[in-house]
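Residue-level listing of the chains:
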Amino acid sequence: MSKSEQVLILEPSSELRFRGPFTDVVSSSLKLTNPTEKRVCFKIKTTAPRRYCVRPNSGIVEGNSFVDVSVMLQPFEYDPTEKNKHKFMVQTMFAPPGDIDQDSIWKEASGSDLMDSKLKCVFELPVDSQQQNDLDSNQYQGAKDMQTKPNIKSPEVRSSPKATNISDQDYRKAVEENKRLLSEVNHLKQENTVLREDGVRQRKVGGSADEDAYNPHVVKQQQPQVSGFPPVLYLVLAVFFGIVLGKFVL
């Protein structure tokens, strides 16, 4: 058996909005309007009774009248990644004549007498808080993705050890070649220094010999003159002794 159409007019009709921050109690209003001449009983239920306080949560709306209901959300730590599934349901039925006992009337009501409307809850943040919250949500989601994704190395990373080994070999060869060239350069420098010193020494010795050759004082010291007869006389005497000696021999 289908239920009857809701007789009350709900404002808002489909959702209750709560604007944060949610560090304190946040309230939202629900207006129940009865456009008929009859009295209407109402009762408000929620899927999260510990999170909300509803005043009044039940009562009677007189004909051609309305009732304002205050729905208070209790403080909590808002998580933007958590999907909100909170809902409210407004149940109504026409009130019987006479005095009404709210506890017993709902127990004795049949399903065909009940009318209901459902509203979902929407959480909103101020603009600045929303931007910061979006940033925190993105950071949280990024960290979560990094944890869930497998640790797969890129081809460049996998091939990097081989490239590194080749580079190290080339580097070692270059270092050894550099050391060898430096050693040869140092050896050539030493040989050049020795040759230069020998050349200087030879020039000094040659200069001294030339000076001695052209210095009359040094010549006199090295080849002292023999006092006595002149050289021509020595020649004559030698010839004479040669003739005499030749006669004795013959």
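Residues numbered from 1 in each chain as written. Predicted model: local features only at pLDDT ≥ 70, side-chain atom pairs only at ≥ 80, totals over all residues. Heavy atoms only, no water.

A. Looking closely at the overall build of the chain. Looking only at helices and strands, the chain has 5 helices and 9 strands in total. Taken from the N to the C terminus, the helices and strands of the chain come in the order β-β-β-β-β-β-β-β-α-β-α-α-α-α. Counting the 250 residues in the chain, one finds 20% classified as buried. Counted over contacts in the chain with a minimum sequence separation of 6, partners at least 24 positions apart contribute 70%. In the form shown here, the chain has an accessible surface area of approximately 19,300 Å², with 55% of it arising from carbon and sulfur atoms. (Helix = DSSP H or I, 4+ residues; strand = E, 2+ residues; numbered from the N terminus. Buried < 20%, exposed > 50% of the residue type's maximum accessible area, 1.4 Å probe, protein only. Contact = heavy atoms within 4.5 Å. Areas by Shrake-Rupley, 256 points an atom, 1.4 Å probe, with all protein chains shown as cover.)

B. Representation of the pairing of strand β4 (residues 40-46) in the model. Pairing of β4 with strand β6 (residues 58-61), which is carried by 4 bridges, proceeds in the antiparallel orientation. Residue Cys 41 lies in a different strand from β6, and its bridge partner there is Ile 60. Bridge analysis of β4 against strand β8 (residues 87-94) gives 7 bridges, and the strand direction is antiparallel. Looking at the pairing, Lys 43 lines up with Gln 91 of β8. (Pairing = 2+ DSSP bridges.)

C. Fine view of the sheet that holds strand β7 (residues 65-73). Across the sheet, 4 strands lie side by side as β1-β3-β7-β5; this open sheet has antiparallel pairing. What marks the edges here is a single partner per strand, and that holds for β1 (9-11) and β5 (52-55). Direction aside, neighbouring strands of the sheet carry axes that sit 20° apart on average. The pairing of β1 with strand β3 (residues 26-34) spans 3 bridges and is antiparallel. Residue Leu 10 lies in a different strand from β3, and its bridge partner there is Leu 32. (Axes fitted to C-alpha atoms, helices over the stretch in contact; angles between N-to-C directions.)

D. Quick look at unusual backbone geometry. At the junction of Glu 11 and Pro 12, the peptide bond is cis and its omega measures out at 0° in the coordinates. Its identity as a non-glycine residue notwithstanding, Asn 64 has a phi of 55°, on the positive side. The class of Asn 64 is partly exposed, set by a relative accessible area of 48%.

E. Structural view of the nonpolar core. Counting residues in each nonpolar core, the largest one holds 28 residues, and the members touching the most others are Phe 18, Leu 30, Leu 32, Tyr 52 and Val 69. Those elements that place two or more of their residues in this core are β2 (15-19), β3, β4, β5, β7, β8 and β9 (115-124). Among residues more than four places away in sequence, those in contact with Tyr 52 are Phe 18, Thr 46, Val 71, Met 72, Leu 73, Gln 74, His 86, Phe 88, Cys 121 and Phe 123. Ranked by size, the runner-up nonpolar core spans 6 residues in total, among them Cys 41, Ala 95, Ile 105 and Leu 114. (Core = buried A, V, L, I, M, F, W, Y, C linked by side-chain atoms within 4.5 Å.)

F. Inspection of the pattern of salt bridges at higher detail. Under the definition given, this model contains 3 salt bridges. Here Arg 17 and Glu 15 are joined by a salt bridge, their closest N and O atoms 2.6 Å apart. Between Arg 17 and Glu 124 there is a salt bridge, with its nearest N and O atoms 2.4 Å apart. Of the two residues, Arg 17 is situated in strand β2 and Glu 124 in strand β9; the sequence distance between them amounts to 107 residues. (Salt bridge = Lys/Arg side-chain N within 4 Å of Asp/Glu carboxyl O.)

G. Representation of the sheet that holds β9. Spatially, the 5 strands line up as an open sheet ordered β2-β9-β8-β4-β6, and their pairing is mixed. Strands at the two margins of the open sheet, each flanked by one partner only, are β2 and β6. Each strand axis lies, on average, 25° off the axis of its neighbour in the sheet, ignoring direction. Sheet analysis places β2 next to β9, joined by 5 bridges and oriented parallel. By the bridge assignment for β9, Phe 18 is matched with Phe 123.

H. Here's a closer look at the side chain of His 86. Note on placement: His 86 falls in the loop between β7 and β8. Among the residues examined, His 86 registers a relative accessible area of 15% and is labelled buried. The contact partners of His 86, leaving out residues within four places of it in the chain, are Thr 47, Ala 48, Arg 51, Tyr 52, Lys 120, Cys 121 and Phe 123.

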